[in-house]
Amino acid sequence: MNRGQIAPSILSADFASLSAELERISNADWAHIDVMDAHFVPNLTLGLPVVEALQKVTPIPLDCHLMIEDPDRWAPAYAEAGAGSVTFHIEAARDPRHLARTLRAAGARASMALKPATPFEPYEELLPEVDMVLVMTVEPGFGGQSFMADQMPKVAQVREAVRRHGGEIWVQVDGGVSAATIEQCAEAGADVFVAGSAVYGAESAAGAVDELRALASAHLA
Ligand code: DX5
Ligand code: ZN
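Residues numbered from 1 in each chain as written. Chains lettered and ligands numbered in written order. Predicted model: local features only at pLDDT ≥ 70, side-chain atom pairs only at ≥ 80, totals over all residues. Heavy atoms only, no water.

Colleague: I keep staring at the coordination of the zinc ion (ligand 2) and nothing clicks. Help me out?
Modeller: Reference geometry at the metal: tetrahedral coordination by four donors gives ideal angles of 109.5 degrees; octahedral coordination by six donors gives 90 or 180 degrees. Protein coordination at the zinc ion (ligand 2): the donors are His 32 (NE2), Asp 34 (OD), His 65 (ND1) and Asp 174 (OD), at 2.0 to 2.3 Å from the metal. With six donor atoms in place around the zinc ion (ligand 2) and angles of 71 to 171° between them, the coordination shape is octahedral. Within one chain, the residues serving as donors to the zinc ion (ligand 2) are arranged as H-x1-D-x30-H-x108-D. One end of the pair, Asp 34, is in strand 2 (residues 31-36); the other, His 65, is in strand 3 (residues 62-67), with 31 residues separating them in the sequence. (Donors = N, O, S within 2.8 Å, 3.2 Å for Na, K, Ca; no water. Tetrahedral: all angles 85-135°; square planar, octahedral: opposite > 155°, others 65-115°. Helix = DSSP H or I, 4+ residues; strand = E, 2+ residues; numbered from the N terminus.)

Below you can see the structure in the form of structure tokens.
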């Protein structure tokens, strides 16, 4: 029986206490790490040294979401650092096929992300190269934004393509995912759910993870 996977985003955590903040989500499937370079998106967060440090202190697999220019150059090091999954933006990649192969060869799951305005069709041919497709449900750059329900047809389209293609490719949503919006994501075909403010803004972060997972699992397409 399939169940939804929950990946809390530490973008909404206390950056002065990341190790303790990861302990608050010990029941999560992944820890979602938003890497921003102030070029691909208008915000700057953290990079490889912090990911390497987190990798040493947490047993939770890291799901690195790279909102950066030139992922062809920078992404492989995150896989080499031990990240379980590395997501690059398709809008920024020069040779996504080669990049995905490099990430997999380094032992990570390879994933491609699509901004809200980016269509999926031109990239469907890359499905054999990736383990996950991330459909952004906000404009990347900041936590706490409103969920874009108009991305649900794209989620359904990716899920349908994955079904046709076969194999185990996950469909992730990221941005504005909460108890109020996660069911429609699951119904559309998502099976990995990033939630920042909905988890770290809750009194019990672990409780929020359990609640989101239960809601998602009951509505998986
Ligand atoms: C946005 C990031 C998201 C963000 C989600 O650019 O990719 O991962 O942290 O935060 P919420 O869940 O608060 O929208
Ligand atoms: Zn993210």
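Colleague: Explain helix 6 (residues 152-165) to me, please; I cannot follow it from the model alone.
Modeller: An α-helical turn contains 3.6 residues, so any two residues separated by three or four positions project in the same direction. Between the first and last C-alpha of helix 6 there are 20 Å, a value that for 14 residues agrees with the 20 Å anticipated at 1.5 Å per step. Inspection of helix 6 places Met 152, Lys 154, Val 155, Val 158, Arg 159, Ala 161 and Val 162 among the buried residues, and these make up the whole buried set. Looking at the packing, one finds that the buried side of helix 6 touches strand 5 (109-114), strand 6 (132-136), strand 7 (170-174) and helix 7 (182-188). One or two residues past the end of helix 6 sits Gly 166, with phi positive at roughly 80°. (Expected span 1.5 Å × (residues − 1). Buried < 20%, exposed > 50% of the residue type's maximum accessible area, 1.4 Å probe, protein only. Contact = heavy atoms within 4.5 Å.)

Colleague: Can you walk me through the site of ligand 1 in this structure?
Modeller: Near ligand 1 there are 20 residues, and of these Gly 141, Asp 174, Gly 176, Gly 196 and Ser 197 occur at the shortest range. Between ligand 1 and Asp 34, the relevant distance is 2.8 Å, taken from an oxygen atom to a side-chain nitrogen or oxygen of the residue. Between ligand 1 and Gly 176, the relevant distance is 2.8 Å, taken from an oxygen atom to a main-chain nitrogen or oxygen of the residue. For ligand 1, whose accessible area on its own is 380 Å², the fraction buried by protein is 100%. (Near = heavy atom within 4 Å. Polar contact = N/O pair within 3.5 Å; in protein donor to acceptor, adjacent residues only side chain to side chain. Areas by Shrake-Rupley, 256 points an atom, 1.4 Å probe, with all protein chains shown as cover.)

Colleague: How do you make sense of helix 5 (residues 96-105) when you look at a structure like this?
Modeller: Along helix 5, the residues classified as buried are Pro 96, Leu 99, Ala 100 and Leu 103. Angular distribution of buried residues about the axis of helix 5 spans 100°; they occupy a single face of the element. Exposed and facing more than 90 degrees away from the buried side of helix 5 are His 98 and Ala 105. Once helix 5 finishes, Gly 107 follows within two positions and takes phi at roughly 100°, a positive value. (Arc of directions from axis to C-beta.)

Colleague: Any chance you could explain the nonpolar core here in plain terms?
Modeller: General note: in soluble globular proteins, nonpolar side chains tend to be found buried as a group. Of all hydrophobic cores here, the largest spans 63 residues; its most connected members are Ile 10, Ile 25, Ile 33, Val 86, Val 133, Phe 193 and Val 199. Those residues in contact with Val 86 that lie beyond four places of it in its chain are Cys 64, Leu 66, Ala 75, Tyr 78, Ala 79, Leu 103, Ala 108, Arg 109, Ala 110 and Ser 111. Among the nonpolar cores identified, the runner-up in size contains six residues, and Trp 30, Met 132, Trp 170 and Val 194 belong to it. (Core = buried A, V, L, I, M, F, W, Y, C linked by side-chain atoms within 4.5 Å.)

Colleague: Would you explain the pattern of salt bridges in this entry?
Modeller: Scanning the model with the defined rule gives 12 salt bridges in all. With its nearest N and O atoms 3.1 Å apart, the salt bridge here joins Arg 213 to Asp 29. With a gap of 184 residues between them, Arg 213 in helix 9 (residues 205-217) and Asp 29 in the loop between helix 1 (18-23) and strand 2 connect regions that are remote in the sequence. Residues Arg 213 and Asp 29 agree in their burial class; the two are buried. Between Asp 191 and Arg 159 there is a salt bridge; the shortest N-O distance is 3.1 Å. One end of the pair, Asp 191, is in the loop between helix 7 and strand 8 (192-195); the other, Arg 159, is in helix 6, and 32 residues separate them in sequence. For the residue pair Asp 191 and Arg 159, the accessibility class agrees, reading buried in each case. Connected through shared salt-bridge partners, Arg 3, Asp 29, Asp 210 and Arg 213 make up one network. (Salt bridge = Lys/Arg side-chain N within 4 Å of Asp/Glu carboxyl O.)

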